[in-house]
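Architecture and fold: a report
What follows is each chain in one-letter form.
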Amino acid sequence: MIATRGSAGWPLARVLADERAEPVLLFVEGAAGEGKSHLLQELAGLPKSADTPGRWWRCGAGGGPPHKDEHENLPTLWLVDDVHRAGGDELRRLRQVLEGLRPGSAAAVTYRPEELPVPGLPLGAPPMTYPSGMTVLRHRLVPWDEERVRRVAVQALGEGCSAEAVRRLHERTGGVPRVVVDVLAVLREQRPAFTGTAVEVEAAGTPARLAELVLSRTHALPPEDRPVAWAAAVLDGPVGRDELIAVSGLGAVTGNTALLRALEGAALAELGEDRYGFAVPLAAPAVRASLPGPVRQDLHGRAAKALARRQPVPWAAVADHHRAAGDSHRWINAVERAAESAAAGSRHQEAVNLLERTLATPGLPPRVRARLAPLLARSAVTGLRSDQTVEVLAQIVRDASLPAAVRGELRLDLGLMLCNQMGRYPEGWRALEIAATELREVRPGLAARAMGALSSPFWPGNSLDVHREWLVKATAAADASGDDAMRTAVLANHVALAMSCAEPGAWELVCRLPRDTTDPARAGQAARGLCNAADAAVWLGLHERAADLLAEGRELSARSGAPYFEHNALGAQLLQEWWTGQWPGLAQRCEDFVAATADMPLIAADAYVVRGLLTLAQGEWGETVSWLSQRGTFGTEDLPVSLAATAAGALVRLALARQETQTAAEQARAAWSIVAGKGVWPWAAELAPWAVEALARAGDGATARAMVRDFAQGLGQGDAPAARAALIWSRAVLAETEAPARDGRDGLLRAAELYRQAAAAYEELPRPYTQAVTAEGAGRCVLAAHTEGGPGPVAEGEHTAASAEPAADCASVLAAVAELESCAQRFTDLGAVWDAARTRALLRTRRPAKKNRPPGRPSHADELSPREAEVAQLAVSGLTNREIAATLHLSPRTVEQHIARAMRKTGALSRRNLAARLGGGPEAVSTLSPTGNSRPFRASEFC
């Protein structure tokens, strides 16, 4: 019977609890370091009667079993460790003890199977004769899986250990517990402190215990047999017998004998069918490092020849062996073959990593750098960001001895990386302009690619007219080149520009992208075009079409091996989820994306902005600026224009909510100048309403009206439903803010109608959050139009404009109240804590005070009142007292009193502790409806 680890102790516990039970013998099998002694310690703690002694027997320690004493006839728990170390006499005595186990007794015997004198027989030969009533079990210890390694790593090093680092730790240690713990100890003590990367795990080296074990086992082999272990160390992985013997340099017969002895001595292990190597991968570097240089070089040379006979040839490994053997010529040839093979298989990042390491080698001849650099550049453009790649290419293009065609190609790819992956737009733009000139005569197809890149409107700086001029040049150059891949590249750029501007023929261009091409270069460019089209469709508000394009673009990107384009599509997916109200789990998805793209923050820009928008809606204002500014990785001004405008709109809105009107106006002017200078007007959609409000409230109505006028003219007749809804919204904001000074009530009612139109437009997209914000605006304007003096309670019976209104106007107010209640609920359902509280506060401030209400406030005893719950909700989400006061139309002093009462009633010791008392934080308290503890608003109170 084979027991699992979780059940290893229960048979022994059962026997120890019943002195009449038949004895149990448990064999515990495990390789070195797998935790046999630790398991015995656990078994020693099993519950047993006071009369049942636990006796340790450590084999090979010279002590043997304890002497007989007065307890010899009592039930006993024997804990026998390392029986593989026992000599003949000790084994005979142990067998006698085990054969004589009396009822109520148990024994656990541990051993290393690889070190047993007689394989498979822990107690030696002949097999032991077990008493008929004895239960004999065997328990095999197994290495830890990756999840267990992760838990131990977190316990030792904290949460900073990356998933890649954990994966590498598991691979290199084989999951052997002792080795895992020893490597973690090295990482914990290293200086500078461990930062959680896989590179650091690799650099930790072989722990001392493991190195001593494997070197002692290797040294125990006869000298003529050791080369087979050396060969395994150089090959560093499971290999077949023939390959291992060939690399060892031994003949077939001699090598086979050496392999058998290495297996018998546990220097090597059988890792699968015809696969041999070290049981723990980290053992190989220790053996390799112990070899003299000439011996090691000869082994690497034979390894390169052996691997070159494989099909397919692992060229990267062949290159490493040639380099270690000192054969530079063959090393470079193998690197080139490896990079070409990886790129052909769409494994661009693999090619980038190999070429970066190679090109960083000191003293590499210029002609070699000129051969390898273009390979690096081609893969880097479609791979993921690498600072090192950019620096390597920047250094190489300064070499005046490079042929013009090579230098131009490198500069093109450098410019693309600087713009697309690094966000260094001015440098990238200059590099692309120079590349277009350098390549025009010598490589017209690549010149077209550079010109096409300059037609991209996403980067800040140049106007749309400049991009269109470059597109005309790119199209002509691509057609003249006769290169289908370059034509597809320029078509992808045309798609991006036309879709972003909502041009009438944009969708026809999308249809022309060659989705089914078998040419990898064309497929990669088609994937780029689809992902750009999907991104543009999200911004335009064409969400159904965007969903189809996102799926298609991601699939083609993955198929063509273009991770950069695929990551762009993933960022657009987050924006799609934000706008279409798919908020559950969205914050975590954004944070996961940011973590996964930590070394290329520009690609994560969408995730940063969406996370910032969520914090604003959820009232976590302390985090909003940090997320919108990319956590310091990029300034808002360095973002693509569409994202920069969206982030700026959110920051303007935040400043308005904090009643920092002049700050909001300054931010609005700066952001608007960038969008207007670019001229892609659909990108103004997330900025325009807030910019118009900021300028109007700051007293600059002329600029606010000019913004609305320019926005309308810039949109033209293109299919941009989100921008058109935003234009209506902007007009509503203008009408609302100008109403008090111009036409009062009529202006407010006109604003309400515009807000309704905007809400209807957003509902059709759909964009539920923005729909609720604009619907709230409609209700706000209607209530303001029917209440003298604006927000604030009005005593019942006092003369108001509303009291003189006809029944139709009262019905309008009733509808507004119902719509505001609906908005508050929609905000709550989305998790928009701040918006829900603001809407309910609006309803509460507009409700007239009851003339005959009993004096004093209603008593809530030890329960939170509706207003206390509302204030506590916002306090927990992160708003300051002043921000809460502005949201709920209260004074900061009143807010302070409400928070104090909420803390007293809940027993909270601080605002932070208040979150736990209310249920665990913003997500939990967002489910608390402040109106849930009070009566619903009655529309009749407003008429």
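Below: a short report on this structure.

Calculation criteria
Residues numbered from 1 in each chain as written. Predicted model: local features only at pLDDT ≥ 70, side-chain atom pairs only at ≥ 80, totals over all residues. Heavy atoms only, no water. Helix = DSSP H or I, 4+ residues; strand = E, 2+ residues; numbered from the N terminus. Buried < 20%, exposed > 50% of the residue type's maximum accessible area, 1.4 Å probe, protein only. Areas by Shrake-Rupley, 256 points an atom, 1.4 Å probe, with all protein chains shown as cover. Core = buried A, V, L, I, M, F, W, Y, C linked by side-chain atoms within 4.5 Å. Contact = heavy atoms within 4.5 Å. Phe/Tyr/Trp six-rings, centres within 6.5 Å; stacked < 30°, edge-to-face > 60°. Pairing = 2+ DSSP bridges. Right-handed = clockwise from strand over helix to strand, strands pointing away. Expected span 1.5 Å × (residues − 1).

Describing the overall build of the protein
Assigned secondary structure in the protein consists of 44 helices and eight strands. Here the protein holds 943 residues, and 53% of them are scored as buried. Summed over its atoms, the accessible surface of the protein is roughly 40500 Å², and 52% of this surface lies on carbon and sulfur atoms.

Here's the deal with the nonpolar core
By size, the foremost hydrophobic cluster in this structure holds 268 residues, and its most contacted members are Leu 244 and Phe 711. Tallying contributions element by element places helix 31 (residues 641-657) first for this core, with 13 residues. Among residues more than four places away in sequence, those in contact with Phe 711 are Trp 672, Trp 681, Ala 684, Ala 685, Ala 688, Ala 723, Ala 726, Leu 727 and Ser 730.

With respect to the packing of aromatic side chains
Within this structure, the stated rule accounts for 16 aromatic pairs. On the numbers, 6.4 Å between centres and 75° between planes, the contact of Phe 27 with Tyr 111 is edge-to-face. Residue Phe 27 is found in strand 2 (residues 24-29), and its partner Tyr 111 is found in strand 5 (residues 106-111); the two are separated by 84 residues along the sequence. Residue classification places Phe 27 among the buried residues on the basis of a relative accessible area of 5%. Considering the side-chain rings of Tyr 608 and Trp 627, the 5.8 Å spacing of their centres and the 45° angle between planes classify their relative orientation as tilted. With Tyr 608 in helix 29 (residues 605-617) and Trp 627 in helix 30 (residues 621-628), this residue pair connects regions lying 19 residues apart in the sequence. As far as the burial class goes, Tyr 608 and Trp 627 line up, both buried.

What about the pairing of strand 4 (residues 77-81)?
Counting buried positions along strand 4 gives five out of five residues, so the element sits mostly inside the fold. In strand 4, alternate side chains face the same way, and those of Leu 77, Leu 79 and Asp 81 on one face and Trp 78 and Val 80 on the other are all buried. Here strand 3 (residues 54-58) runs beside strand 4; their pairing, made up of five bridges, is parallel. The residue of strand 4 that forms the bridge with Trp 57 is Val 80. Handedness of the crossover joining strand 4 and strand 5 through helix 3 (residues 88-99): right-handed.

With respect to helix 20 (residues 425-442)
For helix 20, which comprises 18 residues, the first-to-last C-alpha distance of 26 Å matches the rise-based estimate of 26 Å (1.5 Å per residue) to within 8%. Of all the positions in helix 20, only Tyr 425, Gly 428, Trp 429, Ala 431, Leu 432, Ala 435, Ala 436 and Leu 439 are classed as buried. Where helix 20 is buried, its residues touch helix 19 (404-420), helix 21 (444-454) and helix 22 (464-481).

Functional significance is not addressed by these values, which are geometric in nature.
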